[in-house]
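As a plain string of letters, each chain reads:
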Amino acid sequence: MGAGRKLGRVRRLVVKVGTGLVTKAGAGIAPDRIEALAAEIAAVREGRRVVLVTSGAIATGVARLGLAARPRSIPEKQAAAAVGQSALMWQYEAAFSRHGIPVGQVLLTAEDVSARARYLNARNTLDALLRFGVLPIVNENDTVAVAEIKVGDNDNLSALVASLIDADLLVLLTDVDGLYTDDPTLNAGARRLETVEAVTDEIARLARDRTDGVSVGGMATKLQAAKKAAAAGVPMIIASGYLPGVLRRLLAGESVGTYFAPKAARLTARKRWIAFAVAPQGKLTVDAGALQALTQHGKSLLPSGILEVEGEFASGDVVALLAGATGREFARGVVNFDADEVRKIRGAKTTEIEGRLGYRSFDEVIHRDNFVLL
Ligand code: GLU
């Protein structure tokens, strides 16, 4: 048994597979790998709802188009993704149909999980697919997504999806069998970490990334995903996709891969959206008094504690809160005012708000119900 692992009944499972796992270097899709993956998932699907997050569209497209290397220009990458994504789905469709599992393609961009309405829409669609007994296969919508609207890597995307569908477990299948204390290819004494209680700075330093020109992420993005998953209350496991029976074994509690413990308190769906799904539209720097009121006493943010306002946000947007003394982001929340209004009432006492704005409005800039500590 994996020491320190707490996997309750896993009813909702998100599995993410990396480019290295589903393609062969330079040769595009590896059909045998997709077949093996379909068999792995089919073996654990009984009584569970599973979402697959797949990479590999661009690498597949590059091979199909006969390009010598991954293109640099964005339109060429997007073209490669368009070609590769359909080839990838075709392969999944064939592989899963052999197990009687219908699949559905879901392509997301960061915007689909940032705007509250689109976030709920994405969640409802995934829920409907799962109710229909479909295996949703998710990738970033690389053909339309440019840097500004991209999540950027599928490790982070899979953590957002796990939070979106309220998963009980997120599994990242990759070509290494977990997080090691050192690079196991260079140091024979390197040890696999069985359980990580929290992604501390020390743990983050263990992420030594190879840039092999195939994968986007590496350990660094996997640890970012682990942080997001933990805060959303979802346990995460990094394991080798080459290990036969890997999903069955880790679901049975075997010590496979590295397990990342979730934080004790699970945030509500709305708070998870505030904390992770959204790229903040602005920043508010607060003074020591406000910092204490917010972090120690569960209070709302009032205008009087605000030192600086950055960005052009609108009321209802999510902003980041920074501590004045350190400049560190410590929370996020939904603002009741737009940026110009906050600039006018910054530093004001509650009784002065109406005078400064010329109309009556909220007392709080961010109400405590719309606020999440990070
Ligand atoms: N969405 C990219 C693709 O399918 C991969 C991103 C990643 O590997 O993290 O090619």
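This text gives an overview of the structure that appears in the document.

What follows deals with the sheet that holds strand 6 (residues 135-140). Spatial ordering of the open sheet is given by 5-6-4-1-7-9-10-8, a layout of eight strands whose pairing is mixed. In this open sheet, the two edge strands, each paired with only one partner strand, are strand 5 (103-108) and strand 8 (195-196). Across the face of the sheet, helix 8 (residues 219-232) comes into contact with strand 1 (12-17), strand 7 (169-174), strand 9 (236-240) and strand 10 (258-260) while running at roughly 150° to strand 9.

Below, the discussion takes up the site of the ligand. In the region of the ligand, 10 residues are neighbours, and A57, I58, N139, D142 and N154 sit closest. Separating an oxygen atom of the ligand from a backbone N or O atom of N154 is a distance of 2.6 Å. The protein chains hide 95% of the 300 Å² of surface that the ligand would expose on its own. Grouping the amino acids of the shell around the ligand by side-chain chemistry returns three nonpolar, five polar and two charged.

Relative to the elements of secondary structure, N154 occurs in helix 6 (residues 154-164). Polar contacts involving the side chain of N154 include one to the side chain of S55, which spans 2.9 Å. Other than its neighbours up to four places away in sequence, N154 contacts K16, V53, T54, S55, N139 and E140.

This brings us to the pairing of strand 1. Counting buried residues in strand 1 gives six out of six residues, a clear majority hidden from the surface. Residue alternation in strand 1 divides its side chains into two sets, R12, V14 and K16 and L13, V15 and V17, and both sets are buried. Pairing analysis gives six bridges linking strand 1 to strand 4 (residues 49-54), with the strands arranged parallel. Among the inter-strand pairings, R12 is bridged to a residue of strand 4, identified as R49.

Right, let's talk about the packing of aromatic side chains for a bit. Counting across every chain of the model gives three aromatic pairs. Judged by centre distance (6.2 Å) and plane angle (25°), the rings of Y92 and F96 are stacked. Pair noted here: Y92 and F96 are both in helix 4 (residues 74-97), with a separation of four residues, about one helical turn. F96 sits in the buried class, given a relative accessible area of 0%.

Scanning all chains against the criterion turns up 14 salt bridges. A salt bridge links R5 to E194; its shortest N-O distance comes to 3.1 Å. One end of the pair, R5, is in the segment before strand 1; the other, E194, is in the loop between strand 7 and strand 8, with 189 residues separating them in the sequence. Given the relative accessible area of 13%, R5 is considered buried. In this structure, a network of salt bridges that share partners links the residues R5, R192 and E194.

The next thing to look at is the environment of V10. Relative to the assigned elements, V10 resides in the segment before strand 1. C-alpha of V10 to C-alpha of S73: the two residues are 63 residues apart in sequence and 41 Å apart in space. The residues contacting V10, other than those within four sequence positions of it, are R48, D168, L169 and L251.

Counting buried residues along helix 3 (residues 57-64), six of its eight residues qualify, which places the element largely inside the surrounding structure. In this fold, the buried residues of helix 3 make contact with helix 1 (19-22), strand 2 (23-24), strand 3 (28-29), helix 4 and strand 6. Just downstream of helix 3 lies G66, where phi reads positive at about 70°.

Reading the values: the criteria
Residues numbered from 1 in each chain as written. Predicted model: local features only at pLDDT ≥ 70, side-chain atom pairs only at ≥ 80, totals over all residues. Heavy atoms only, no water. Pairing = 2+ DSSP bridges. Helix = DSSP H or I, 4+ residues; strand = E, 2+ residues; numbered from the N terminus. Contact = heavy atoms within 4.5 Å. Axes fitted to C-alpha atoms, helices over the stretch in contact; angles between N-to-C directions. Near = heavy atom within 4 Å. Polar contact = N/O pair within 3.5 Å; in protein donor to acceptor, adjacent residues only side chain to side chain. Areas by Shrake-Rupley, 256 points an atom, 1.4 Å probe, with all protein chains shown as cover. Nonpolar A, V, L, I, M, F, W, Y, C, P; charged D, E, K, R; others polar. Buried < 20%, exposed > 50% of the residue type's maximum accessible area, 1.4 Å probe, protein only. Phe/Tyr/Trp six-rings, centres within 6.5 Å; stacked < 30°, edge-to-face > 60°. Salt bridge = Lys/Arg side-chain N within 4 Å of Asp/Glu carboxyl O.

That is the geometry; function is a separate question.
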